Amino acid sequence: MDGAPRTPARAPHLVLGLGLRRGTPAAELLRAADAALAAHGLDRTAVALVATLDSKLFEPGLHAAARELGVPLTGHPAAVLAAAGAPGGSARVAAAVGTPSVAEAAALASAGPGARLLAPRTATAAATAALAAPTAAPAAPLPGGQQVNQQPDLRHHGDAEVRSAGLVDLAVNVRTGTPPPWLHAHLAATLADLAAYPDGTAARAAVAARHGRPADEVLLTAGAAEAFVLLARVLRPRRASVVHPQFTEPEAALRDAGHPVHRVLLAPEHGFRLLPGAVPEDADLVVVGNPTNPTSILHPAAALAELARPGRTLVVDEAFIDTDPGETQSLAAVRDLPGDVVVLRSLTKTWGLAGLRIGYLLAPAPLVAALAAAQPLWPVSTPALAAAEVCSAPAALAEADRAARTTAAHRDHLLAGLATVPGLRVHGAPAASFVLVHLPGAAAVRARLREAGYAVRRGDTFPGLGPDWLRIAVRDPATTDAFLEALRDARPGARGTAGPGC
């Protein structure tokens, strides 16, 4: 966010209206926005929504600017902007779209009845910006507006895509054919012990030994997702930053606990890589996935370690790290970084235990103790504890690594097939058991795939993405080949499908 003024702002509350020429880059739009904000001693954190003319919603620079600001983007038809009553602007613009200032009119239209402009628009060579203050927090456009990536449904998960019977599941990232027979038998044997209360001592010791840590630095949880809830309840961050696109439960848990969340949006044009300076320096809680769901990007451990510092809690969600052969970029065994570094793990994906709910957290002992105090009594069942213990044993770890290598080969097969699909693009280098793709008209493609018997994960519920994104789970080559054939038939413009706008 180079050039952005750093004056502290209140909670996001303003609508930023933007007018732009075709092909205007994000940097130009952000310069106009920064100038408008600086005139009032504000920074980008004051912006809650970006608004413009709906015909501009296809501009890449506009989407990139909204991602950089970390806010939704909305567009209004010309008739709505004309009715908004912009006080200033250009006669040439008025003749073209019915309002003399797209920036002013869009800001007022989105801010709603009673809104006021803070000042006349600010102009650069190819962009204009205006700020409007609503009478209440802007949440949605006026009737007739089209909203892009409005606050996504953070509670939507891949399992919702496969609740219809008969669909081939490429929406959920659990490894197929799991749990393996030996694990199934081991869990079944624990049923004889259900009369006794669970005792996590052996499981905690096994997890600690697996990562070379003391047992008091391990917290067993009812799935890794429980850890996000515990962190949100126990921590008191002044500025929580969540790196997106990623698993949405961390943000949902923080918001449920009353913590405002700053979104750090990684860009597809950078391969969804975490660039230096992306995380605000004053963030005292940072949450990032590695490899990240849904982007499948594996961040270097060194880059994540650079985020650690005194006074900050760094949370690294490694739920999919065991899909990386050798777990090369894990921080699970690293104990000498500044601040509190928390690593979350899940047994769900590799071992097929989503219904059992077992995961764990690794962190400094004082923080583990505080989080444990927030758990209910006996939070992890006896079968789940048995799974944590046996899946931490050397034989299981060797099997998991073999599975990761098989997954990598199957992922390469999927990527090679996706490269032949016209209009589809994969950003970055996928490293997990799923692949994120951009495909214009993806929402309609997903519906056609369901008709063909395949379920894939919609992308628009992840902050920073939109309706043209899909997440596809890695499967065996035969399943992948059949899916790719269905995907080619389902894409916009393919034989038997309606083209864009039809």
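Residues numbered from 1 in each chain as written. Predicted model: local features only at pLDDT ≥ 70, side-chain atom pairs only at ≥ 80, totals over all residues. Heavy atoms only, no water.

A. Geometry of the overall build of the protein. When you go through the protein residue by residue, the secondary structure sums to 16 helices and 18 strands. Relative to the compact-globule value of 23 Å for 502 residues, the protein shows a C-alpha radius of gyration of 24 Å, a close match. The principal-axis extents of the C-alpha atoms in the protein amount to approximately 80 × 55 × 40 Å. Taking all 502 residues of the protein together, 53% fall into the buried category. Looking at the protein alone, contacts between residues at least 24 apart form 73% of all its contacts between residues at least 6 apart. Seen as two clouds, the 44 positive and the 43 negative side-chain charges of the protein have centres 5 Å apart. (Helix = DSSP H or I, 4+ residues; strand = E, 2+ residues; numbered from the N terminus. Rg over C-alpha atoms; globule rule 2.2 N^0.38 Å. Buried < 20%, exposed > 50% of the residue type's maximum accessible area, 1.4 Å probe, protein only. Contact = heavy atoms within 4.5 Å. Lys, Arg positive; Asp, Glu negative; His and termini not counted. Charge placed at Lys NZ, Arg CZ, Asp CG, Glu CD.)

B. Quick peek at the packing of helix α7 (residues 201–211) against helix α13 (residues 382–390). Contact geometry for α7 and α13: axes closest at 8 Å, N-to-C directions at 25°. Taken together, the axis directions place α7 and α13 in an arrangement best described as roughly parallel. Viewed along their axes, α7 and α13 form a crossing whose handedness is left-handed. When α7 is examined against α13, the residues Ala 202, Ala 203, Ala 206 and Val 207 are found in contact with a partner set consisting of Leu 385, Ala 388 and Glu 389. Classifying every residue of the contact of α7 with α13 gives six nonpolar, no polar and one charged. (Axes fitted to C-alpha atoms, helices over the stretch in contact; angles between N-to-C directions. Parallel < 35°, antiparallel > 145°, perpendicular 65-115°, else oblique. Left-handed = near helix turned anticlockwise from the far one by under 90°. Nonpolar A, V, L, I, M, F, W, Y, C, P; charged D, E, K, R; others polar.)

C. Just unusual backbone geometry, in detail. The amide bond that connects Asn 290 to the next residue, Pro 291, takes the cis arrangement and shows omega of -10°. Structurally, the position occupied by Pro 291 is in the loop between β12 (285–289) and α10 (301–305). A positive phi is found at Phe 272, a non-glycine position, where the angle reads about 55°. Within the secondary structure, Phe 272 sits in the loop between β11 (261–265) and β12. Positive phi values are uncommon outside glycine, yet Glu 327 reaches one of about 45°. Relative to the elements of secondary structure, Glu 327 occurs in the loop between β13 (313–317) and β14 (340–346). The class of Glu 327 is buried, set by a relative accessible area of 18%.

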